[in-house]
Amino acid sequence: MTEFNSLSMTPFDSLPDKKRVWPAAPNSHEEGLGRLSLLTPEIVASAAQSCIKTGVRVSLNWDMRKLESANFNRAPSQHHIISLLNGTAFDDVYIFNPQQSSQWDGLRHYSAPFPTPQDPSRRLFYGGVTAAEISDRSNHRIGMQHWAKEGICGRGVLLDYAAWAERNGVKYSAFSNHAVPLRALKQIADEAGIVFARGDILFVRIGVTNEWDTHMSPADKLAYGRQSRPQHAGVEGTEEMLRWIWDEGFAAVAGDSISFEVRPQQDSYETEDGREVPGLGMHEYLIAGWGLPVGELFDLEELSKTCQRLGRWEFFVSSAPLNMPGGVSSPPNCLAIF
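Residues numbered from 1 in each chain as written. Predicted model: local features only at pLDDT ≥ 70, side-chain atom pairs only at ≥ 80, totals over all residues. Heavy atoms only, no water.

Even after reading the chapter, I still don't get the pattern of salt bridges, so can you show me in this structure?
As a working rule, side chains carrying opposite charge can pair if their charged atoms are close by. Tallied over the full model, the rule gives 16 salt bridges. With a shortest N-O distance of 2.7 Å, Arg 155 and Glu 314 are connected by a salt bridge. Placement of the pair is Arg 155 in strand S7 (residues 152-160) and Glu 314 in strand S15 (residues 314-319), with a sequence separation of 159 residues. Here Glu 314 falls in the partly exposed class, since its relative accessible area comes to 23%. Salt-bridge contacts for Arg 167 lead to Glu 191; the nearest nitrogen and oxygen are separated by 3.5 Å. Taken together, the positions of Arg 167 in helix H6 (residues 161-167) and Glu 191 in helix H7 (residues 182-192) put the pair 24 residues apart, joining distant regions of the chain. By relative accessible area, which is 48% here, Glu 191 ends up partly exposed. (Salt bridge = Lys/Arg side-chain N within 4 Å of Asp/Glu carboxyl O. Helix = DSSP H or I, 4+ residues; strand = E, 2+ residues; numbered from the N terminus. Buried < 20%, exposed > 50% of the residue type's maximum accessible area, 1.4 Å probe, protein only.)

Written as structure tokens, this is what we have:
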């Protein structure tokens, strides 16, 4: 077994550096894949055989015009239709920031702190890539093109926290710092009879897109977009959550929240037995540390309805990120196939 494959199979508590799982050679395709190395042809073929039964297909792509009012000065998408040959034909031109609607966060999206005595503020991206390398447009290291070559395909599993919370009288706004605890996700999986397998693609429905589409006025959306420190629900940022994601062997994680994890980052969380554990930044581990794709603002509403109707919480995922050398993120172009 190569070092690359060996480290990906190592239990979380045995990792030599939990924040730096960078086994592949710099500038290699394997480095660019990151955690997607788990999606071997055998695992993808097995997922297709076990999940595709009816041919029912559900898109997980939210309207590209959402969020109409996004934070951090992210501009709304533009779609221009261009007439050709006096109206005989048409082209269209898209100008958009993938981070504003459904997207995969690529390995160039988020860094983690790696301070040195000489540079206490130093941050690095996956594999030790620097911001200067990413800013160099001739440098395509760990760019989106690596994911685009084979896509993100495999067995998807939905944990429908929003539906579970409604059944159990847990009330929250998706635009608050409501943290989804690991114990709830485990309970949802147990109730649905889900047994995870290495290479699964995890989806967590929290209700952000539904609340945006059905409960917020234009004024509410504008006010939210103007916040400098916005709040939104997401999974808790704890070492316990990280251990579970790693040891279950997920190849990617995604949700309908704005950053998958709760924001702002919380200082501490209360465990089921009443202990306080410190909070941490999940992106720094998942993306910069492990090379694991993080999907955000996926539209999981129809997926939830379909899973409930069919009584199935697993499906085949087919996602084709944009083939942009050096790309930072991409619309998912994602289908769930039952």
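For this particular structure, what's the right way to read the nonpolar core?
When a protein is soluble and globular, its nonpolar side chains tend to lie buried together. One finds Trp 244, Ile 245 and Trp 290 to be the most contacted residues of the largest nonpolar core, which totals 38 residues. Looking at this core, the elements that each hand over two or more residues are S7, H6, H7, strand S9 (201-205), helix H10 (239-247) and helix H11 (282-286). If you look at the next biggest cluster of nonpolar residues, it comprises 36 residues, including Leu 33, Ala 112, Ile 142 and Cys 307. (Core = buried A, V, L, I, M, F, W, Y, C linked by side-chain atoms within 4.5 Å.)

Explain the side chain of Thr 271 here, please?
Locating Thr 271 in the fold gives a position in the loop between strand S12 (268-270) and strand S13 (276-278). A relative accessible area of 11% places Thr 271 in the buried class. If we ignore the near neighbours within four places in the chain, the residues touching Thr 271 are Arg 183 and Val 277. (Contact = heavy atoms within 4.5 Å.)

Explain the sheet that holds S15 to me, please; I cannot follow it from the model alone.
Two orientations exist for strands paired in a sheet by backbone hydrogen bonds: parallel and antiparallel. With respect to topology, nine strands assemble into an open sheet ordered S1-S17-S15-S7-S9-S11-S14-S4-S16, the strand pairing being mixed. Taken across any chain shown, the strands that pair with only one partner, and hence form the sheet edges, are strand S1 (57-59) and strand S16 (329-330). Of the strand pairs in this sheet, strand S4 (residues 103-105) and strand S14 (residues 294-296) are connected by three bridges, and their pairing is antiparallel. Looking at the pairing, Asp 105 lines up with Val 294 of S14. (Pairing = 2+ DSSP bridges.)

Would you explain the pairing of S15 in this entry?
When a strand is regular, its side chains alternate between the sheet's two faces. When S7 meets S15, the two strands line up antiparallel, connected through six bridges. Of the residues in S15, the one forming a bridge with Cys 153 is Ser 318.

It is not clear to me how the side chain of Ser 69 should be interpreted in this structure. Could you clarify?
On the secondary structure map, Ser 69 appears in the loop between S1 and strand S2 (78-84). Look past the residues within four positions of Ser 69 in its chain and what remains in contact with it is Trp 212, Lys 221, Leu 222 and Gly 225.

Before we go on, may I ask you to explain the pairing of strand S11 (residues 252-255) in this structure?
Of the two faces of S11, the one carrying Ala 252 and Ala 254 and the one carrying Val 253 and Gly 255 are both buried. Alignment of S9 against S11, held across four bridges, turns out to be parallel. From the neighbouring strand, Ile 201 faces S11, where its bridge partner is Ala 252. In this sheet, S14 lies alongside S11 in parallel orientation, the contact comprising two bridges. Bridge pairing in S14 links Val 253 to Val 294.

What exactly am I supposed to notice about the packing of aromatic side chains here?
The relative placement of two aromatic rings is captured by the distance of their centres and the angle of their planes. Scanning the model with the defined rule gives 15 aromatic pairs in all. Here a set of aromatic residues connected by ring pairs shows up, and it is made of Trp 104, Phe 203, Phe 298, Phe 315 and Phe 338. The ring of Phe 12 carries the charged tip of Lys 18 above its face, separated from the ring centre by 5.4 Å. One residue, Arg 35, lies across the ring of Trp 246, its end atom 3.7 Å from the ring centre. (Phe/Tyr/Trp six-rings, centres within 6.5 Å; stacked < 30°, edge-to-face > 60°. Lys NZ or Arg CZ within 6 Å of the ring centre and 35° of its normal.)

How do you make sense of a nonpolar patch on the surface when you look at a structure like this?
There is a patch of nonpolar side chains on the surface, built from Met 64, Tyr 94, Phe 96, Leu 322 and Met 324 and spanning about 460 Å² of accessible area. Judged by relative accessible area, Leu 322 falls into the partly exposed class, the value being 36%. (Patch = residues over 30% accessible without salt bridge, like charges linked within 9 Å, V, L, I, M, F, W, Y side chains within 5 Å. Areas by Shrake-Rupley, 256 points an atom, 1.4 Å probe, with all protein chains shown as cover.)

Before we go on, may I ask you to explain the state of the cysteines in this structure?
In protein structure, a disulfide is the covalent linkage between the sulfur atoms of two cysteines. Tallied over the entire structure, the rule returns zero disulfides. Sulfur of Cys 51: no disulfide; nearest cysteine sulfur belongs to Cys 307 and is 10 Å away. We classify Cys 51 as buried; its relative accessible area is 0%. Considering cysteine sulfurs only, Cys 334 is the nearest to Cys 153, which forms no disulfide, with 8.6 Å between them. Using a relative accessible area of 18% as the deciding quantity, one classes Cys 153 as buried. (Disulfide = S-S within 2.5 Å.)

Where do I start with H10 in this structure?
Since the α-helix packs 3.6 residues into each turn, any two residues three or four apart lie on the same face. Among the residues of H10, those classed as buried are Met 241, Leu 242, Trp 244, Ile 245 and Trp 246. A positive phi of about 80° marks Gly 249, the residue just after H10.

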